[in-house]
Each structure stands twice: as C-alpha cells, then as structure tokens.
Amino acid sequence: MSHQYCTFHLADHLFGVPVETVQEVLRRQETTPVPLASPEISGLLNLRGQIVTAVDLRRRLDLPVASDDVSAINVVVRTPEGAVSLIVDKIGDVLEPADDDFEPAPDTVPQSVRDLVTSVCKLDGQLMLVLDTELAVTVGKAA
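Summarised in this report is the structure supplied together with it. Computed from a predicted model, the values in this text were never measured in an experiment.

Applying the stated criterion across every chain, the model contains five salt bridges. For the salt bridge of E24 with R48, the shortest nitrogen-to-oxygen distance reads 2.6 Å. With E24 in strand β3 (residues 22-27) and R48 in the loop between β4 (41-47) and β5 (50-56), this residue pair connects regions lying 24 residues apart in the sequence. According to the relative accessible area criterion, R48 is exposed, its value standing at 65%. A salt bridge links R114 to D107; the nearest nitrogen and oxygen atoms lie 3.5 Å apart.

Okay, here's the thing in structure tokens:
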C-alpha cells in the first residue's frame, strides 16, 4: 500500500512529509520573535487563536539563507506536542509514489539533512527527501 506525501521545495531540494501529518498550508504569516530561542525558531504565530511555533526549516537543515525574492510558505504539521509550522520556500504537489521507489538517503545528501530524513524516493528527474517531521521540529535549547 503506497502513502501520500505533501511535497515542498527548500533550497532546490524537494522534500515530502506524510500527508496525514499536515494540518494546513498557509502563506507566510507574521511571527512574534521569541527572546533567547534557538536560531531555528522563527517565532510564534497566532493561528486562529492557537499559538504555533514556527521553525525555519532552512536553518534547521543548515541550508543557505533564502534570497529576498523567496516568499515563504508555512506548512503546519501535527506532532505529539501540538501543531508546529515549518517555513519552506514553495509548496509542491501531493504525490503517491510506489513503496519500492524508496531507499535510504545516499551519502551525497549533506549530513545535516540526512539526519532528519527517513528515506528518499526516486521521481522522474528528481529526488524527494522524506522528512521525519518529529525530528525536524525538535530544535536545540536556547543558548
């Protein structure tokens, strides 16, 4: 049985998360900075009265900072600790690849990314990195 993945782009990479973990996708929302928070925490956003932590996924994955012309998207995912927003560059499609298209992340994927990826999926001309959402939203403690 295959699974569906919500895909998004980040620094020229295609990532996917299980669609059942996605609560909603929003345009970039204004966030309130959190003093002394880890650099990966972009801030807090008010999602219809629910306070949601926004994680800058580029920083979390140690990817280059986005240029000013990139208008970020919030992918709100459900975790055991509550909803968390992943800030990404661009939303993609929902894909349903076959189970045998998945394999472990190759060594060419940077270690900082590979640590948060459960597997990769070969697509036509592209590789989808399947993100472990729980690990992705687990950030270090404040400095």
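On to the sheet that holds β3, then. Pairing between the strands of a sheet is mediated by backbone hydrogen bonds and can be parallel or antiparallel. Read across the open sheet, the five strands follow the order β3-β6-β7-β5-β4; overall the sheet is mixed. Of all strands in the sheet, those with a lone pairing partner are β3 and β4, marking the two edges. Neighbour-to-neighbour, the strand axes of this sheet turn through a mean angle of 30°, independent of strand direction. Across five bridges, β3 lies against strand β6 (residues 73-79) in antiparallel orientation. Pairing of V22 across the sheet is with V77, part of β6.

How each quantity is defined
Residues numbered from 1 in each chain as written. Predicted model: local features only at pLDDT ≥ 70, side-chain atom pairs only at ≥ 80, totals over all residues. Heavy atoms only, no water. Salt bridge = Lys/Arg side-chain N within 4 Å of Asp/Glu carboxyl O. Helix = DSSP H or I, 4+ residues; strand = E, 2+ residues; numbered from the N terminus. Buried < 20%, exposed > 50% of the residue type's maximum accessible area, 1.4 Å probe, protein only. Pairing = 2+ DSSP bridges. Axes fitted to C-alpha atoms, helices over the stretch in contact; angles between N-to-C directions.

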